[in-house]
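Read off the chains here:
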Amino acid sequence: MPPVSLTAGDVAAAAGGRVVSGDASTPIGRISIDSRTVSPGEFFVAIRGGRFDGHAFVAQAIEAGAAGALIDTMEVAGQVPEGTLLVAVRDTTRALQDLARYVRRQSGARVVAITGSAGKTTTKEVCAAMLATRYRVFRNKGNLNNHIGLPLSLLELRDGPEAAVVELGMNHPGEISTLVGIAEPDVRVWTNVGDAHIGFFASADAIADAKAEILEAARPDTVLVANADDARVMARARGFAGRTITFGMAPSADVRASGVQMLGLDGVRATVETPAGRFDLHSPLLGAGNLMNVLAATAVAVDFKVPLDDIAACAASLRPAYHRGELLRLRQGVRVIDDSYNSSPAALKRSLEVLAAAGGRTRKIAVLGEMLELGAHAEALHRECGRAARAAGVDLLITVGGAPAGALADEARAAGMAADHVLFVPDRERATEVLLERVRPGDLVLVKGSRGIGLDAVVERLKAEWA
């Protein structure tokens, strides 16, 4: 696709504003919302956030070389040199979104948008890797998946990719609807419904209803890739206005895995049936959850007419994203499953299944951080995970955080774990100390917790000590 060029006049028209200072024909380069990192020639958008108002930093951005700024108040005009390029709008956040939608339309790229309670980022990365075997592909970095991050990602479509793969995040109703309206995705992927963020919702069904906003504003040629094994997804997918492709292990799935062999720390093997034929899959990504992520990405790739041989070869070469199920092999046979980026009860149970499948005489250690945003459900869900840790054959359990993490430890003991093999500590610093005191050559260590608990620091310290 050809690159998308923008002038200040284009920005004003797309964002429903006007050029109030400077030349409307001025070319617009990259967009920045951070005055600390703005580069010469970039265009600064003054976002009003919860902690900072970008309008307070317009002068700083211009001094750093920004070509101009998008503003929603003329008060800043007196703080910058006369003639500075300024585009005025009613609301800069809404204007950023409108501009992103304009670029998305002008780019001609086919957009794939992914939502779900778990697996969004991994599915995004796998999908982008598979599509990249045949197309020029853009993917949003990290998890820039909210009302600010998604527009910034879509603005990168100015470089002319043929396909874009983005994720849509949410923890409140209405957020996915907004993001769908910005991205206008051609392909929508719904991975699952779980218990992440359930503290903001009355029930899992309420989460499913919010995720179902991914179905909105579809055209007859819009594609939905839906999890055939998730009853909540499928119940809502029946009302989709476009075409549906299902994935999973259900006999009815359009992209279906059979003969599944969970290989523990060596990943998974399966035969995959698709509308385009059958292929043998070997993925080094760990666990059943990642198999579903690969199947979802395969469904997208098949719809994009990527050959099955390319899909299989790509799957065999996959590597997990940073802190998202990485298998680290350290000195003296110590291995670490680094899943420290985030956690939810359903995702934690899948990680414990991977630990259980490791088998053999390996001593298994689990360092499990409190799972946040669970509200009134927190204690009960942590206790479920305590029983799951016992069932997974964990030999040493270290739980980290507040009262819910303590409940997880209590339930593990109640389920039969020896009291001196279960430790509850308040923070990552103490967790690190305890782990380093107890880890031995040959141990297998799982580290997983909510982002706010910061267990990635435990992994980094362990790597430093056992490198």
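Predicted, not measured: the structure shown is a model, and the values here were computed from it.

How each quantity is defined
- Residues numbered from 1 in each chain as written.
- Predicted model: local features only at pLDDT ≥ 70, side-chain atom pairs only at ≥ 80, totals over all residues.
- Heavy atoms only, no water.
- Helix = DSSP H or I, 4+ residues; strand = E, 2+ residues; numbered from the N terminus.
- Buried < 20%, exposed > 50% of the residue type's maximum accessible area, 1.4 Å probe, protein only.
- Polar contact = N/O pair within 3.5 Å; in protein donor to acceptor, adjacent residues only side chain to side chain.
- Contact = heavy atoms within 4.5 Å.
- Pairing = 2+ DSSP bridges.
- Disulfide = S-S within 2.5 Å.
- Expected span 1.5 Å × (residues − 1).

Draft legend 1. Quick peek at the side chain of His55. The residue His55 is located in the loop between strand 3 (43–45) and helix 2 (58–63) in this model. Note on His55: relative accessible area 5%, which makes it buried. Side-chain polar atoms of His55 contact the side chain of Asp53, separated by 2.8 Å. Not counting residues up to four positions away in its chain, the partners in contact with His55 are Ala46, Arg48, Ile71, Asp72, Thr73, Val76, Gln79 and Thr92.

Draft legend 2. Structural view of the pairing of strand 8 (residues 163–167). A large share of strand 8 lies buried, amounting to five of its five residues. The two faces of strand 8 match: Ala163, Val165 and Glu167 on one face and Ala164 and Val166 on the other face are all buried. One ladder, built from five bridges, connects strand 6 (residues 110–115) with strand 8; its direction is parallel. The residue of strand 8 that forms the bridge with Arg110 is Ala163. As judged from the three bridges shared by strand 7 (residues 137–139) and strand 8, these two strands associate in the parallel manner. Opposite Arg139, over in strand 8, you have Val165 as the bridge partner.

Draft legend 3. Layout of the state of the cysteines. A complete count under the given rule lists zero disulfides for this structure. Not part of a disulfide, Cys314 finds its nearest cysteine sulfur in Cys127, a span of 9.7 Å.

Draft legend 4. Spatial organisation of helix 11 (residues 345–357). An ideal rise of 1.5 Å per residue puts 18 Å on 13 residues; helix 11 measures up with 19 Å between its terminal C-alpha atoms. Of all the positions in helix 11, only Pro345, Ala347, Leu348, Ser351, Leu352, Val354 and Leu355 are classed as buried. Contacts from the buried residues of helix 11 go to helix 9 (287–303), strand 16 (335–339), strand 17 (364–369), helix 12 (378–391), helix 13 (403–414) and strand 20 (444–448). Just beyond helix 11, the residue with positive phi is Gly359, at close to 65°.

Spatial relationships are all this shows, so hold off on functional conclusions.
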